[in-house]
Amino acid sequence: NTTVICGIKAELANPTVEAPGKGYIVPNVDLPPLCSSRFRPGPPGEQAQAASQFIADVIESSEVIQAEDLCIERGKLCWVLYCDLMCLDYDGNVLDACVIALLAALKNTQLPEVTVNTETCTPVVNLEKRHGLNIHKHPVGASFCVFDDSILLVDPTAEEESLLTSQLTVVTDEAARLCAVHKPGGTSLSGEKLQECISRATVRQKEIQKLIDKVIHSVKTSQ
Amino acid sequence: MTSLISDEQILLFSGSMMEVCGSSKVTLREFGCEQSLLSRPDGSASFIQGETSVLAAAYGPAEVKVSKEIYDRATLEVLIQPKVGLPSVRERSREQYVRETCEASLLLSLHPRSSLTLILQVLHDDGSLLSCFLNAACMALMDAGLPMSCLFCGVTCAIDTDGQIITDPTAAQEKESRALMTFAIDSKERRVMMSSTKGSFSVPELQQCIAVSQKASEKIFQFYRDSVRRRYSKNL
Amino acid sequence: MPVDTKRVRGPEVSQSPSLFLCKPAKTLPPDGLRADGRQRDQVDVRPVFVRCGLVSQAKGSAYIEAGNTKLICCVYGPRETERKDETDMKCGRLTTDMRFTPFSCQERGSWIQGSHDKDLSLMLHESLQPALCLHKYPHAGIEMYDLVLSCSIRQDGTSYVVDPSYMEENSHSLVDSENQGGLTVAYLPSLNQISGLQSDGDMTEDTLTAGVRTCIEGCFKIYPVIQHALARAVRRAAPPPSES
């Protein structure tokens, strides 16, 4: 039942001096009080912040989009992609849902063409010419619940999450390379179990990528 | 800035219960530890890995806020203070890693409705910071005398562009690496308690890194044992 | 501006690309049809889509879509009050919280609740309060006297638009007449009572009363849709025995 919505807003900014050829990707995850009674109003809690950091790490590790692609003019102008993820229904395994929502939203993003006016040094935006983002990789996460290193559960619900002894998220891309093996503590896990999780994650990546492609295709044809 | 850091380190190295472990096959940088160096907390430790150094303080079991009370176990809070500025999302994510690792090893159900607080202060970051946090945390919890089911240690591995695995990398090595992984290994069965990774890597590379970390953990646990033994032999 | 340390931070300044459009955006035609083909000066609300019970974790939830405006609402509770004042113990308390997602408006909003969000939260609270039987707390269920419906108009000189779209809400015609403003009415249909009213801008008394009447008429247009959605949700939650 978990529902996550991802909105991407693109804005223009100056690149940093350290990385003049790079744009910014700013992912933030919000777990508002709307999605579950466990969250209270106010600034994001530890879980939301850790999720934001996790998503940021996944973007960086998987190179889903390269920050260089967001550069419009070196040292002067670049895109900032604000990827805002909001959970609408928290029924466990929010990390997987976030990664999938993010990937689908990125695939659906259309940026307008921007040129820099050489005389006034101001950007000119042409809304009629739009192009999609260059998606290099398709990272997909698979989360597992572990109960005392004996029982493995795939895609845990909120109830299962509250009972588990440890949780593991494996993110893989289409080339079966691992982008993240995220296990924030909990009881220890043997090598065999870990291997089992990884092989399941690769299978899941293929399924999800197919699903996203299908959805994007249907969106395109309906437009 | 450098002079200030070296001052701090001289202070730490001059402590009475310093140990230094040399590096051999699985190369770890020199590490050192001092326990009970702060007087106010219930337990404290500093942990140094090469130039990276972290100060940890543990408080508890103490009274807990009503909103955070858990009826069947103690509430553990981990706070990470960066060297400069306010803690950001990155610190919060590391807090989660450290907290959940500590929660798994501590016997929290022995102190229901109470609070444990662990504060980690970065003194200097020269790579492998998360593993240093874990090691400092474990030493501080030991020093506080909190009941634990097992000990844990943190090991960071970096895979460089040639595919070589570097254990306990420096900040410069981290920057050049293709992938970076930190594991927490438990002392009972040498299994992976926590895993945090950055960059992309293949499955065999992951398995190799885990194996290397497990080997490295032997050394760290031996160091734990030596340093605690020396400390208590002196006190008696 | 204070630094938000609890979120991933981007660059300090960034500007929306809409500021640098090479062609100015189309302005609203002052008369005739509205941009989406609806009639001016008539109670012509957008068709709404309503579904109840979408969020599994909530006690009650609803999703509504009118044009491109999409909104989700969840009800949680009852839970223990934090302030244990004697006055509070006699009846339940309603708290409302309304926020925009950062990507919901033309300009990217901040995650931090703005004053607009807070105003709307308060308005919502005041409009809903009269319909809830809070004095029956702590008994089971949330009993309500009636449904609460709401409708807005935007007065633009002598003409008005009902259920304005974002563009209509934020456009100002160049004609500098005295009747310029917006009006929102919350209404209890079977009791025929108004529970909330908010107006801004500058309007004469006659225009205001006429506006209120128009809003009520708009509410009645939405009434059957809401009733239908509620009935559907109840039927799904507890199917009638005859079907089994």
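Residues numbered from 1 in each chain as written. Chains lettered and ligands numbered in written order. Predicted model: local features only at pLDDT ≥ 70, side-chain atom pairs only at ≥ 80, totals over all residues.

1. Quick look at the overall build of chain C
- Scanning chain C for helices and strands turns up four helices and seven strands.
- Residue burial in chain C is summarised as follows: out of 244 residues, 18% are buried.
- Once local pairs closer than 6 in sequence are excluded, the contacts in chain C between residues at least 24 apart make up 57%. (Helix = DSSP H or I, 4+ residues; strand = E, 2+ residues; numbered from the N terminus. Buried ≥ 20, exposed ≤ 12 C-beta atoms within 10 Å, placed from the backbone. Contact = placed C-beta atoms within 7 Å.)

2. Quick look at the interface of chain C and chain B
- On the side of chain B, four residues touch chain C, which itself brings four residues to the contact.
- Partitioned by chemical class, the residues of the side of chain C that touches chain B number one nonpolar, one polar and two charged. (Nonpolar A, V, L, I, M, F, W, Y, C, P; charged D, E, K, R; others polar.)

3. Regarding helix α4 (residues 191–222) of chain A
- Over its 32 residues, α4(A) runs 47 Å from end to end, which matches the ideal 46 Å to within 8%, given 1.5 Å per residue.
- The inward-facing, buried residues of α4(A) abut α2 (94–108), β7 (140–147) and β9 (166–172) of chain A together with β9 (192–198) of chain B. (Expected span 1.5 Å × (residues − 1).)

4. Considering the interface of chain C and chain A
- Each partner contributes residues to the interface: chain C has 25 residues there, and chain A has 41 residues.
- Each residue belonging to the side of chain C that touches chain A can be placed in one class, and the counts come to 14 nonpolar, seven polar and four charged.

5. Here's the deal with the pairing of β9(B)
Residues and elements named next belong to chain B.
- Taking burial as the measure, the seven residues of β9 include six buried ones, the bulk of the element.
- Strand direction decides the pairing type here: strand β8 (residues 179–186) and β9, joined by six bridges, are antiparallel. Bridging across to β9, F183 finds its partner in S195. (Pairing = 2+ DSSP bridges.)

6. A few points about α2(A)
Residue and element names in this part refer to chain A.
- Helix length check: α2, at 15 residues, gives a terminal C-alpha distance of 21 Å against a target of 21 Å (1.5 Å per residue), a fit within 8%.
- In terms of residue burial, α2 counts as a mostly covered element, since 11 of its 15 residues are buried.
- For α2, the full list of buried residues reads V94, L95, D96, A97, C98, V99, A101, L102, L103, A105 and L106.

7. Here's the deal with the sheet that holds β9(B)
Residue and element names in this part refer to chain B.
- Strand order in this open sheet of four strands is β7-β6-β8-β9, and the pairing throughout is antiparallel. Of all strands in the sheet, those bounded by a partner on one side alone are β7 (165–167) and β9. In this sheet, neighbouring strand axes are inclined to one another by 20° on average, regardless of whether the strands run parallel or antiparallel.
- Bridge count between strand β6 (residues 152–159) and β7: three bridges; the pairing is antiparallel. (Axes fitted to C-alpha atoms, helices over the stretch in contact; angles between N-to-C directions.)

8. Here's the deal with unusual backbone geometry
- Cis geometry marks the peptide bond from G60(B) to P61(B), where omega comes out at 0°.
- Checked against the element boundaries, P61(B) lands in strand β3 (residues 52–62).
- Phi at A176(A) takes a positive value of approximately 60°, unusual for a residue other than glycine.
- Relative to the elements of secondary structure, A176(A) occurs in the loop between β9 and β10 (178–182).
- On the neighbour-count criterion, A176(A) (14 C-beta atoms within 10 Å) is partly exposed.

9. Remarks on the confidence of the model for chain C
- Looking at chain C, pLDDT values average 77 and 81% of them are 70 or higher.
- Scoring the predicted complex yields pTM 0.82 and, for the interface, ipTM 0.84. (pLDDT = per-residue confidence, 0-100.)

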